[in-house]
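Secondary and tertiary structure notes
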There are 2 protein chains.
Amino acid sequence: MLRYFLCAFAILHLSVAIAKEPLVSWNEGTAKAAIVQFVTAVSDEKNPGFVPVAERIAVFDMDGTLINEKPAFLQASFLDFLVDDAIFKNPVFEKDPDVRKLISRQGWKEYFDTVPWASTLKVFAATHTGMSQTLFSAMVKDYMQNNPHYRRNIYVPMRELLDYLRAAQFKIYIVTGSENQFVRAFSEDYFGIPSEQVIGSSWKTALKEEGDMLSIQRLPEMAHSNDKENKVLAIDLHIGRKPIFAAGNDGNAGDIAMLRYTTQPGKRSGFGLIVTHDDEKRESVYTDKNGATLAAAQKYRWTVVHVKEDWKRLYLTAEEANNRALTH
Amino acid sequence: MLRYFLCAFAILHLSVAIAKEPLVSWNEGTAKAAIVQFVTAVSDEKNPGFVPVAERIAVFDMDGTLINEKPAFLQASFLDFLVDDAIFKNPVFEKDPDVRKLISRQGWKEYFDTVPWASTLKVFAATHTGMSQTLFSAMVKDYMQNNPHYRRNIYVPMRELLDYLRAAQFKIYIVTGSENQFVRAFSEDYFGIPSEQVIGSSWKTALKEEGDMLSIQRLPEMAHSNDKENKVLAIDLHIGRKPIFAAGNDGNAGDIAMLRYTTQPGKRSGFGLIVTHDDEKRESVYTDKNGATLAAAQKYRWTVVHVKEDWKRLYLTAEEANNRALTH
């Protein structure tokens, strides 16, 4: 019996030591204090804010929240690469003047601002579908391996936040406008998040039979566009219960619905976190055109993370990025 | 340091003791032996069949696999209850002769065999949609609490199998033709499976805003019918990787595609298990009309569980069913 007590004590001691310094890249301030206060409360059985482990669900937007999205978000860079590739010199590209404009390589920022979404979608469909999920996944993995510098766009403070929540037994989902199969190719490596905890946009699929082998084919029609209100519907479809922690970013109003849903009054009112990109020295500065995200943050009392003030550093050094052992 | 060794030894010793008698309600035979051999291999790092924990994904059909589905599957009983309720004396029911036939209470078996699916779907839509996900979930929970005898339809040997796989660090999903929100209301209680590991059929949904509150409304149009090939597409959408263990049942050919997908040759060729209901004394006897499931089991070398020979008992005693502590 004594042996078990010693054992329990030793394990407790060890885990406290490991968890001693969470969020080291965060400056002391209201944002860090609010996060620590919330996570401490949900983890403490004696606290009125205690939440059972099974309900400790967290949802994170990806582009602009976990990783830099300017000048191009990850999947836009991948699209860029595919369009460049000779095998995708597709006749469909020639017929639509907007598509021609898109592939004339004027820079992605301009493409996405000036070209109708329907044309952009044609380019996505022509490059991203018509193959199996397995082949597409291999294409993405290959691309990411050949472009290891993208690892350096991951926000170090947000990775520490993922680690901190995992230590408090949260199950963390990425809820992203990017495509699920795209993100799943690197979510474990980049963020420690397994494929089944990635919820993204998706194409329609069909089962194809060749001989005795089944494969899942990607069809050129979107099944789900995972943005704004649709993020809430996808959380309900995939998780089936309300998260207690949601993190998104200021920039395109994409995360307001997801944070409102997570933080609205009810049996459990969750924690909302918005990253606002206000640091002109260390990354691009941008915000919602109409200020909707910051207005919602104020109205619903979400915690706003100011990159400039709240983060000691943004990125891994090159050396750290190459050392996979450090990266979660 | 010695303390840590003692501690590791004590924990190891304890967990071996707990796991000593898995599958106690299974008779010794080829089915049990095949299961034990597979699970032992994937858990043993020195075995060529070893599979890392993250890839230990198992998928289980529900009706007819984890729980008795004759004479009525669970959601059909719930539908029965709703149709009976005065608030659902819906004018839409009066116009369609097939719907009138359905609600004329001739018994569910006959309904599902003789009435066009479109009419059945109308009755499902009229009773199952037009409310929020939260309200629907409360309705199901209330119904299940008022009908505790359904707990006794859970197959004890299959619950032991779930426990055995969980002890070997499998993440287990229910992949069911029943509706996800319906099953999520009791999946944790019945099977120890959390809501986010339930993949089922689903209705279209929409976000509704009342004052400052958001709710998810159930619309009277199916988004996904989770049967046959669609089960594979749903596994891909929700999990994003191939399971290594799939269990289904003989009866309506609903699990053939899921098992083929799981067990086909590739990086990992998984384990397929089919329950066939051949025990005329202890439950209903039934099989596929054309023998498709058993033919596929033979062709693809799946393990067939014969209820009559392989299971010592099917159900919990009334006393056990009332004792929640026993039920996983």
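Whatever comes next refers back to the structure up there.
First, a word on what this report is: a plain description of the structure on this page. Chains are numbered independently. Their residues run from 1 in the order of the written sequence. Chain labels run from A onward and ligand labels from 1 onward, assigned in the order the entries are written. Local features in this predicted model are restricted to residues whose pLDDT is 70 or higher, and side-chain atom pairs enter the listing and the counts only when it is 80 or higher, whereas totals over whole chains, interfaces and linings include all residues. The side-chain figures draw on all heavy atoms in the structure; neither hydrogens nor water molecules are used.

To continue, consider the sheet that holds strand 4 (residues 213–224) of chain A. Residues and elements named next belong to chain A. When DSSP finds two or more bridges between two strands, those strands count as paired. A run of DSSP states H or I qualifies as a helix once it reaches four residues; a run of E qualifies as a strand once it reaches two. Both are numbered from the N-terminal end. The strand order across the open sheet formed by 7 strands is 4-3-2-1-5-6-7, and the pairing between neighbours is mixed. The open sheet is flanked by strand 4 and strand 7 (303–306), the only strands paired with a single partner. Strand-to-strand, the axes of this sheet are offset by a mean angle of 30 degrees, without reference to chain direction. Summarising the sheet, strand 1 (residues 57–60) and strand 5 (residues 245–249) pair through 3 bridges and their orientation is parallel. Within the sheet, the bridge partner assigned to V59 lies in strand 5 and is A246. For helices, the fitted axis covers only the stretch in contact; all axes are lines through C-alpha atoms, and the angles between them, taken along N-to-C directions, range from 0 to 180 degrees.

This part is about helix 14 (residues 292–300) of chain B. Residues and elements named next belong to chain B. Each residue is assigned to one of three classes by its accessible area relative to the maximum for its type, calculated with a 1.4 Å probe on protein chains only: buried under 20%, partly exposed between the two thresholds, exposed over 50%. T293, A296 and A297 are the residues of helix 14 that are buried. Down the axis of helix 14, the smallest arc covering the buried residues is 105 degrees, so these residues share one side. Away from the buried face of helix 14 by more than 90 degrees, exposed residues Q298 and K299 are located. R301 occupies a position one or two residues after helix 14 and carries a positive phi of about 60 degrees. Directions are taken from the helix axis to each C-beta atom, and the arc is the one they span.

Moving on, we come to the interface of chain A and chain B. In this analysis, two residues are considered to be in contact whenever any of their non-hydrogen atoms come within 4.5 Å of each other. Counting from both sides, the interface comprises 43 residues of chain A and, opposite them, 43 residues of chain B. Put simply, buried area is how much 1.4 Å-probe accessible surface two parts lose in total, over both of them, once they are put together. Between chain A and chain B lies a buried interface of about 3,900 Å² when both sides are counted; carbon and sulfur atoms form 53% of it. Here, a salt bridge means any side-chain nitrogen of Lys or Arg that lies within 4 Å of a carboxyl oxygen of Asp or Glu. One can count 10 salt bridges joining chain A with chain B. With a shortest N-O distance of 3.9 Å, R260 of chain A and D212 of chain B are connected by a salt bridge. Think of a polar contact as two N or O atoms within 3.5 Å of one another; within protein, one of them needs to be a possible hydrogen donor and the other a possible acceptor, and neighboring residues in sequence only count if both atoms come from side chains. At the junction of chain A and chain B, the tally comes to 27 residue pairs in polar contact (both at pLDDT 80 or more). For the side of chain A that touches chain B, the secondary structure elements donating two or more residues are helix 1 (2–18), strand 2 (171–179), helix 10 (180–184), strand 3 (198–210), strand 4, helix 12 (229–238), helix 13 (256–263) and helix 14 (292–300) of chain A. Counting residues per element, the side of chain A that touches chain B draws most heavily on helix 1 of chain A, at 7 residues. For the side of chain A that touches chain B, the class distribution of residues is 22 nonpolar, 10 polar and 11 charged. Residue polarity follows a fixed list, in which Ala, Val, Leu, Ile, Met, Phe, Trp, Tyr, Cys and Pro are nonpolar, Asp, Glu, Lys and Arg are charged, and the others, Gly among them, are polar.

Residues and elements named next belong to chain B. For D61, the position within the fold is in the loop between strand 1 (57–60) and helix 3 (74–84). According to the relative accessible area criterion, D61 is buried, its value standing at 6%. Among the polar contacts listed, one links the side chain of D61 to the side chain of T65, at a separation of 2.8 Å. Of the polar contacts made by the side chain of D61, one reaches the side chain of K231; its length is 3.0 Å. Those residues in contact with D61 that sit more than four places away from it in its chain are L66, V175, T176, K231, A247, G248, N249, D255 and M258.

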